[in-house]
Amino acid sequence: MSKSARWDSKDESKHLPIYQHKHNLIQAVKNSTFLVVTGETGSGKTTQLPQYLHEAGFCKKGNIGITQPRRVAAITVAQRVAQEMQCTLGREVGYQVRFDDCTSQDTVVKYMTDGCLLREILADPGLSQYSVVILDEVHERSLNTDILLGLLKKLFSSPAKASKGRSRPLKVVVMSATLETDKLSAFLGNCPVFTIPGRTFPVTCMFGTAVGPKDTESTGYVKEVVKMALDVHSSEMAGDILVFLTGQSEIERACDLLFEKAEAIDYRYDVQDQTVEGLLILPLYGSMPTDQQRQIFQPPPPGIRKCVVATNIAATSLTINGIKYIIDSGFVKQLNHNSRVGMDILEVVPISKSEAQQRAGRAGRTSAGKCFRIYTKEFWEKCMPEYTVPEIQRTSLTAVVLTLKCLGIHDVIRFPYLDSPEERFILEALKQLFQFDAIDRRGRVTQLGELMVEFPLHPGLTRAVLKAASLSCQDMLLPVAAMLSVENIFIRPGHPDKQKEADKIHRALAAKSGGMNDFATLLTVFQLCKSSDRPSEWCRQNWIHWRALKSAFSVETQLREILLRLQQKRDFPVETFDGNKGELFRQCLCTGYFTNVARRSVGKVFCTMDGHGSMVQIHPSSSLFDQEAELNWVIFHDVLVTSRVYIRTVCPIRYDWVKDLLPKLHEVDVYELSSVAREEVTDEEMMKWETREAAKRQPEVSAEDVM
Ligand code: CDP
Ligand code: MG
């Protein structure tokens, strides 16, 4: 980075709307414990406020921590701020996301995911390292940010705890786009709201014809989006394009199509790397390499139009300068609890109207812009909800309930939620934790639960790892846990011939591990690659994503470190086993995956045993797909819901191994578990409530109704 480029970005920041309010903002933070800061996206909240507070001396008494719901945002923003502060990333300015810690002793401005701060609170409930904690992107309403809001509110309800071990009280800043700020302020004891006046320009929105109310499940919109981008490119004035799609594979397909089509338009131009006919095509999604992400923010060469094809991350978390045209697919990928299969599933769903407005607004930052929606007005009216439902009301709460319990918060129903989740979701989480032996019948955290909370993994997977560790076979389970924590490792090329070749090689890899266990295949791939002299070359030959495997190696090391630390505690469980090694591996898996057991029903159809009794089939990517024999009982890692429900990453088991565990799926009395959650309720009230519950078993009875 040259000196002048550094100077430029610092200078540029003086033109941001937030700059004029620097002094008042610093005063506002000094004057109150909680402060809500709001302003249009791109006004400079995320990159500038931490720098202002740093300049004002807040780092003398502790660090400044800024949370982000998304890892890419935490990383790229930290990069930018390090550049503006003219320091090396990881020194004064650093970031921490799950499995990637780029901070040092010197770090005083730390960007991190909300999940990371939640883990820090577990180790240090008063957040004594920090002088300021900034919760950013609160309007996104991610599960972890919502929980952090409640925890910080609770922390200040007992002032002794909040000031423990500090010379100066902790300051909390909550930043949000211009939504729900009154509600936030009211939640935080009517704290002051600082509004950064925005400059926005009008954006003309146009509806299209491609997606109507009947198309909510189709993915045909990718082609339509590409067509629209090319139309804009050939008929609109200068200005960059931002396209919203839902995920990596879709984005890559759109970029491929854009290359092809743009090339076909005119061969007279030189096709140099990603620049096609004056169009610079750039993908942007979560798991992209960081050096590529950086490119997104650089201005295109003169005379060339930039076209960024992004996930929802570009809606508020990241601001790209120069965007004048938006192409909105109208869809987003969202984690939702699927009641049909009783699990959380990533689904492509229509965005909300407020989200659509937010997307459109990205075109009007520096001058008037245009937003091309590929969906019809009717789709907008009939299929798009007004607001996005907060994550806390639509996903599994198992991990956060365990965190709360480990923080000594037993009454998880009456925790201060900004929006309360439905009680049945809390009960479901308690039930799962009980099934994994993380809490006891009275809802208290067990020793095992305290070990489990240390792992940044799904509780079931953690349970399997801990079982393996107690039997001294963690070397088999840690790599599997790591492989399941990174993006998909198997490459499936688009070209049919190449696809056949890749499939054949992947089948051979599965055969090397016995051929009947997808978890074992993951272990084999991990081990073969690790022991290879030239691992990246090995990956290339075997159609495996080298980048994903590299992450898996790093994740495995980190999980191993956590485990070692826990094993040094005296009370780590030790067990013995006298079966054979292959069985040992699968039995450990059963300890964590007995909630995901399916039994063959008829033909290729299996039936899940978790009480939902869903009919499922083995996904074609599994090495068990064509196997008929001896396959009566299986466990699986996850499901894919299309018109059918497919189970993926599958392994055959014996009924004997889960026989004693399965009753746990049905015998749990959630009312008993939740009675602990309600321990501050009087016995009399509890009885009244239980009688009413038992009589009606009405799920819609809320906690408020009975208290
Ligand atoms: O947080 P808020 O949306 O208010 O704004 P910000 O993220 O602090 O962005 C302020 C400015 O920094 C915008 O003009 C961004 O384009 C720019 N920025 C950048 O150029 N590169 C980054 N990695 C992050 C921000
Ligand atoms: Mg921001």
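Rules behind the numbers
Residues numbered from 1 in each chain as written. Chains lettered and ligands numbered in written order. Predicted model: local features only at pLDDT ≥ 70, side-chain atom pairs only at ≥ 80, totals over all residues. Helix = DSSP H or I, 4+ residues; strand = E, 2+ residues; numbered from the N terminus. Contact = placed C-beta atoms within 7 Å. Pairing = 2+ DSSP bridges. Axes fitted to C-alpha atoms, helices over the stretch in contact; angles between N-to-C directions. Parallel < 35°, antiparallel > 145°, perpendicular 65-115°, else oblique. Left-handed = near helix turned anticlockwise from the far one by under 90°. Nonpolar A, V, L, I, M, F, W, Y, C, P; charged D, E, K, R; others polar. Near = placed C-beta within 6 Å. Buried ≥ 20, exposed ≤ 12 C-beta atoms within 10 Å, placed from the backbone. pLDDT = per-residue confidence, 0-100.

(A) Region of the structure containing the overall build of the chain. Scanning the chain for helices and strands turns up 28 helices and 22 strands. Within the chain, contacts between residues separated by at least 24 positions form 71% of all contacts whose residues are at least 6 apart in sequence.

(B) Layout of the sheet that holds strand 4 (residues 100–102). Ordered in space as 4-3-5-2-6-7-1-8, the eight strands form an open sheet in which the pairing is mixed. Of all the strands in the sheet, just strand 4 and strand 8 (193–196) have a single pairing partner and so form its edges. Neighbour-to-neighbour, the strand axes of this sheet turn through a mean angle of 20°, independent of strand direction. Sheet topology places strand 2 (residues 63–68) next to strand 5 (residues 109–113); five bridges connect them, and they run parallel. By the bridge assignment, Ile 66 is partnered in strand 5 with Tyr 111. Along the sheet, helix 3 (residues 45–55) contacts strand 1 (34–39), strand 2, strand 5, strand 6 (130–135) and strand 7 (171–176); its crossing angle with strand 2, the most-contacted strand, is approximately 170°. Where helix 4 (residues 71–84) meets the sheet, its contacts fall on strand 2, strand 3 (93–97) and strand 5, and the angle it forms with strand 3 comes to roughly 170°.

(C) Inspection of the packing of helix 18 (residues 474–483) against helix 22 (residues 546–567) at higher detail. At a minimum axis separation of 8 Å, helix 18 and helix 22 run at an interaxial angle of 130°. Taken as axis vectors, helix 18 and helix 22 run oblique relative to one another. In this structure, helix 18 meets helix 22 at a crossing whose hand is right-handed. Residues Gln 474, Leu 478, Pro 479, Ala 481, Ala 482 and Met 483 of helix 18 form the contact with helix 22, whose own contacting residues are Ala 552, Val 555, Glu 556, Leu 559, Arg 560 and Leu 563. Considered class by class, the residues forming the contact of helix 18 with helix 22 number nine nonpolar, one polar and two charged.

(D) Representation of the site of ligand 1 within the structure. For ligand 1, the set of nearby residues contains 18 residues, the closest of which are Thr 41, Lys 45, Thr 46, Thr 47 and Arg 80. Counting only elements with at least two residues in the shell around ligand 1, the list comes to helix 3 and helix 4. Residues belonging to the shell around ligand 1 are distributed by class as follows: four nonpolar, twelve polar and two charged.

(E) Focus on the environment of Ile 75. The residue Ile 75 is located in helix 4 in this model. The buried category is assigned to Ile 75, around which 23 C-beta atoms lie within 10 Å. On a C-alpha basis, the gap between Ile 75 and Phe 594 in space is 36 Å, while along the polypeptide they are 519 residues apart. Residues within four places of Ile 75 in sequence aside, it is in contact with Tyr 95, Val 97 and Thr 290.

(F) Representation of helix 12 (residues 353–361). Among the residues of helix 12, Glu 355, Ala 356, Gln 358, Arg 359, Ala 360 and Gly 361 are the ones counted as buried. Packed against the buried residues of helix 12 are strand 9 (203–206), strand 10 (240–244), strand 14 (323–328), strand 15 (331–338) and strand 17 (369–373).

(G) Quick peek at the sheet that holds strand 20 (residues 615–618). Around the barrel, five strands lie side by side as 18-19-20-22-21; this closed barrel has mixed pairing. Here the average twist between neighbouring strands, direction ignored, is 55°. Pairing of strand 18 (residues 597–602) with strand 21 (residues 633–641), which is carried by three bridges, proceeds in the antiparallel orientation. Note on strand 21: the bridge partner recorded for Val 597 is Ile 635.

(H) Spatial organisation of the environment of Leu 188. Relative to the elements of secondary structure, Leu 188 occurs in the loop between helix 8 (181–187) and strand 8. Between the C-alpha atoms of Leu 188 and Leu 418, which are 230 residues apart in sequence, the distance is 9.5 Å. Not counting residues up to four positions away in its chain, the partners in contact with Leu 188 are Phe 34, Lys 153 and Val 174.

(I) Just helix 14 (residues 398–406), in detail. Along helix 14, eight of the nine residues are buried, which leaves the element largely enclosed by surrounding structure. When helix 14 is considered as a whole, its buried residues turn out to be Thr 398, Ala 399, Val 400, Val 401, Leu 402, Thr 403, Leu 404 and Lys 405. Buried positions along helix 14 lie against helix 5 (114–123), helix 6 (143–157), helix 15 (423–435), helix 16 (447–452) and helix 17 (459–470).

(J) Quick peek at the packing of helix 17 against helix 18. Helix 18 packs onto helix 17 with a crossing angle of 160° between their chain directions and a minimal axis gap of 8 Å. Classified by the interaxial angle, the pair formed by helix 17 and helix 18 is roughly antiparallel. Here helix 17 and helix 18 pass one another in a crossing that is left-handed. Across the interface between the two elements, Leu 461, Ala 464, Val 465, Ala 468 and Ala 469 of helix 17 pack against Gln 474, Met 476, Leu 477, Leu 478 and Ala 481 of helix 18. The class makeup of the residues in the contact of helix 17 with helix 18 is nine nonpolar, one polar and no charged.

(K) Seen up close, the confidence of the model for the chain. Residues at a pLDDT of 70 or more form 90% of the chain, whose mean pLDDT is 87. In the predicted structure, residues 1–7 sits below a pLDDT of 50 and forms four contacts with residues beyond four places in sequence or in another chain. Every residue in residues 696–707 scores below 50 in pLDDT, and together they form 13 contacts with partners more than four places removed in sequence or on other chains. For this predicted complex, the interface score ipTM comes out at 0.98, while the overall pTM is 0.87.

(L) The environment of Gly 39, seen in detail. Residue placement: Gly 39 occurs in strand 1. Take Gly 39: there are 22 C-beta atoms within 10 Å of it, and that puts it in the buried class. Sequence separation of Gly 39 and Gly 208 is 169 residues, and the distance between their C-alpha atoms is 30 Å. Not counting residues up to four positions away in its chain, the partners in contact with Gly 39 are Pro 17, Ile 18, Lys 45, Thr 195, Ile 196 and Gly 198.

(M) Representation of the pairing of strand 5 within the structure. Of all five residues that make up strand 5, five are buried, and the element is covered over most of its length. Burial along strand 5 is two-sided: Val 109, Tyr 111 and Thr 113 facing one way and Lys 110 and Met 112 facing the other are all buried. Here strand 3 runs beside strand 5; their pairing, made up of four bridges, is parallel. Within strand 5, the residue paired with Gly 94 across the bridge is Lys 110.

(N) Spatial organisation of unusual backbone geometry. Positive phi, close to 50°, is recorded for Leu 127, a residue that is not glycine. What makes Leu 127 buried here is the crowd of 23 C-beta atoms within 10 Å.

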